[in-house]
Amino acid sequence: MNELLHTILLRVTLAGAASAAALRMAGSGAMRETVRLAAGLLMLAALLQPLGSLRSAGWGVSAAPDTQAIRETNMQTAMSAVASSIAKALESRAAAEGYDCRFTVTMATDEGGILQVDRVTVHCGADDIAHLREIQELVTSECGVPAERQEVIAR
């Protein structure tokens, strides 16, 4: 509490000194009234700004948001959006090759925090199972996922 009072006193003193100097230089007339208004606002800000930084449960001010949880939510959203885009691109490429497949892509971050494709699940029609090797090569060439990290499910 002493630190808060010290901060307020210091800011009010500095604001008062700056206001007095500005009023001395302002002269008279409309400019003086404008400087007086600005000095009053400066004094008000010097008083209220330190009070805004109080983060005590007794004062009824909520704590700062959990930035780690927000960061994790944002990362999950990004992973979902990127995975969906990759799956659509794979489906488009497979359709161009004549395969009727649906893809599910799972994303992960490596130890450096870089987003990458972790696994790809391929849902193939019964006719396309015979072309499994070509489909796996398509997935490997398009997004760099080796056959060991691909799962094939017949529909």
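Residues numbered from 1 in each chain as written. Predicted model: local features only at pLDDT ≥ 70, side-chain atom pairs only at ≥ 80, totals over all residues. Heavy atoms only, no water.

Once that is clear, we can look at the overall build of the protein chain. On a plain count of helices and strands, the protein chain comes out with four helices and three strands. Counting from the amino terminus, the protein chain carries its helices and strands in the arrangement α-α-α-β-β-α-β. For 155 residues, the compact-globule formula gives about 15 Å, and the C-alpha radius of gyration of the protein chain, at 32 Å, lies well above that figure. Considered along the principal axes of its C-alpha atoms, the protein chain spans approximately 90 × 40 × 25 Å. (Helix = DSSP H or I, 4+ residues; strand = E, 2+ residues; numbered from the N terminus. Rg over C-alpha atoms; globule rule 2.2 N^0.38 Å.)

It is worth spelling out the sheet that holds strand β3 (residues 150-154) at this point. In space, the three strands of this open sheet follow the order β1-β2-β3, with mixed pairing throughout. Every interior strand has two partners, whereas the edge strands, β1 (101-109) and β3, have only one. Across the sheet, the axes of successive neighbouring strands diverge by a mean angle of 20°, strand direction being ignored. Pairing of strand β2 (residues 115-124) with β3 involves five bridges; the strand directions are parallel. Pairing of His123 across the sheet is with Ile153, part of β3. Strands β1 and β2 of the sheet are contacted by helix α3 (residues 67-97), whose axis makes an angle of about 145° with β1. Seen against the sheet, helix α4 (residues 132-143) touches β1, β2 and β3 and runs at an angle of roughly 160° to β2. (Pairing = 2+ DSSP bridges. Axes fitted to C-alpha atoms, helices over the stretch in contact; angles between N-to-C directions. Contact = heavy atoms within 4.5 Å.)

This brings us to helix α1 (residues 2-26). The end-to-end C-alpha separation of α1 is 36 Å, in line with the 36 Å expected for 25 residues at 1.5 Å each. Of all the residues in α1, the buried ones are Leu4, Ile8, Ala15, Ser19 and Ala26. In the core, the buried residues of α1 are packed alongside α2 (30-52). (Expected span 1.5 Å × (residues − 1). Buried < 20%, exposed > 50% of the residue type's maximum accessible area, 1.4 Å probe, protein only.)

Locating Thr121 in the fold gives a position in strand β2. Of the residues examined, Thr121 reaches a relative accessible area of 12% and is grouped as buried. When neighbours within four sequence positions are excluded, Thr121 is seen to be in contact with Arg102, Phe103, Thr104, Glu151 and Ile153.

Moving on: the confidence of the model for the protein chain. The predicted model of the protein chain averages 84 in pLDDT, with 92% of residues at 70 or higher. Element-level mean pLDDT values for the protein chain span from 83 in α2 up to 91 in β1. (pLDDT = per-residue confidence, 0-100.)

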